[in-house]
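Observations on the model geometry
Given next are the chains, with one letter for each unit.
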Amino acid sequence: MLVLLGGSLIAVLALGGLAGLLGLGKARGIDSASACAEAEAMLSGFVAHHAIIGSDGAAALVHGSDGSVAVLKRHGVHFAARRVAASAVCDTADGWRVDTGEAMFGAILVRR
C-alpha cells in the first residue's frame, strides 16, 4: 500500500514539474496589439482604435473606433472582455476605474 502511495506521489510531482517546465498555467501580460486583437475577437462588431495597458499587465482599456470602450481583465491564464460606455471609465489617482455594471465581472482598475 505504501509503495502505491509513494508511486502516485512521485507521478503527481513529476507531472507538476513537467507543467512548470513547459510554462503551463503561467499568467501572461498583454500588450497593446494583443489587447486590440482580443477585444475584436471577443466582442462582436468591435473595431479597436488603440489600447491602454495596465502597468501590471492584468487589465487593459481598448478604445473603439465608434467611441465605445472595451475593458479586458485577466481571467486565469486568459482574458475576458466587456464593452462599456465611455462614461463608465473614471480617471483616478491609481489608474482608470471601470464600472462594468455586472456583479460577476465586477469593477476593474487599469493601473497606471
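Quick caveat, the model's predicted, so the values are computed rather than measured.

Analysis parameters
Residues numbered from 1 in each chain as written. Predicted model: local features only at pLDDT ≥ 70, side-chain atom pairs only at ≥ 80, totals over all residues. Heavy atoms only, no water. Buried < 20%, exposed > 50% of the residue type's maximum accessible area, 1.4 Å probe, protein only. Helix = DSSP H or I, 4+ residues; strand = E, 2+ residues; numbered from the N terminus. Arc of directions from axis to C-beta. Expected span 1.5 Å × (residues − 1). Pairing = 2+ DSSP bridges. Salt bridge = Lys/Arg side-chain N within 4 Å of Asp/Glu carboxyl O. Polar contact = N/O pair within 3.5 Å; in protein donor to acceptor, adjacent residues only side chain to side chain. Contact = heavy atoms within 4.5 Å.

**Overview of helix 2 (residues 32-42)**
All buried positions along helix 2 are accounted for by Ala35, Cys36 and Ala39. Projection of helix 2 onto a plane perpendicular to its axis shows the buried side chains occupying an angular sector of 100 degrees, all on one side. Turned more than 90 degrees away from the buried face of helix 2, the exposed residues are Ala33 and Ala41.

**Remarks on helix 1 (residues 2-22)**
Relative to the 30 Å expected for 21 residues at 1.5 Å per residue, helix 1 spans 30 Å between its end C-alpha atoms, a close match to the ideal helical length. Among the 21 residues of helix 1, 0 are classified as buried, and the element is accordingly described as predominantly exposed. Just downstream of helix 1, Gly23 is the residue with a positive phi angle, here 80 degrees.

**Some points on the pairing of strand 2 (residues 59-64)**
Of all 6 residues making up strand 2, 5 are buried, and the element is well covered by its neighbours. Two elements, strand 1 (residues 48-53) and strand 2, share 5 bridges in a ladder whose sense is antiparallel. If you follow Ile53 over to strand 2, its bridge partner there is Ala60. The loop that links strand 1 with its antiparallel partner strand 2 comprises 5 residues; one of these, Gly57, has a positive phi angle of about 75 degrees. Summarising the sheet, strand 2 and strand 3 (residues 69-75) pair through 5 bridges and their orientation is antiparallel. The partner of Ala60 across the bridge, within strand 3, is Leu72.

**Examining the pattern of salt bridges**
According to the stated counting rule, one finds 3 salt bridges in the structure shown. Across the pair Asp91 and Arg112 runs a salt bridge whose closest N-O atoms are separated by 2.1 Å. Here Asp91 is found in strand 5 (residues 89-91), whereas its partner Arg112 is found in the segment after strand 7 (107-111), with 21 residues between them in sequence.

**So, the side chain of Ser68**
For Ser68, the location among the structural elements is in the loop between strand 2 and strand 3. Here the side chain of Ser68 touches Asp66 through a polar contact of 2.7 Å, side chain to side chain. Excluding residues that lie within four positions of it along the chain, Ser68 makes contacts with Phe46, Val62, His63, Arg83 and Val84.

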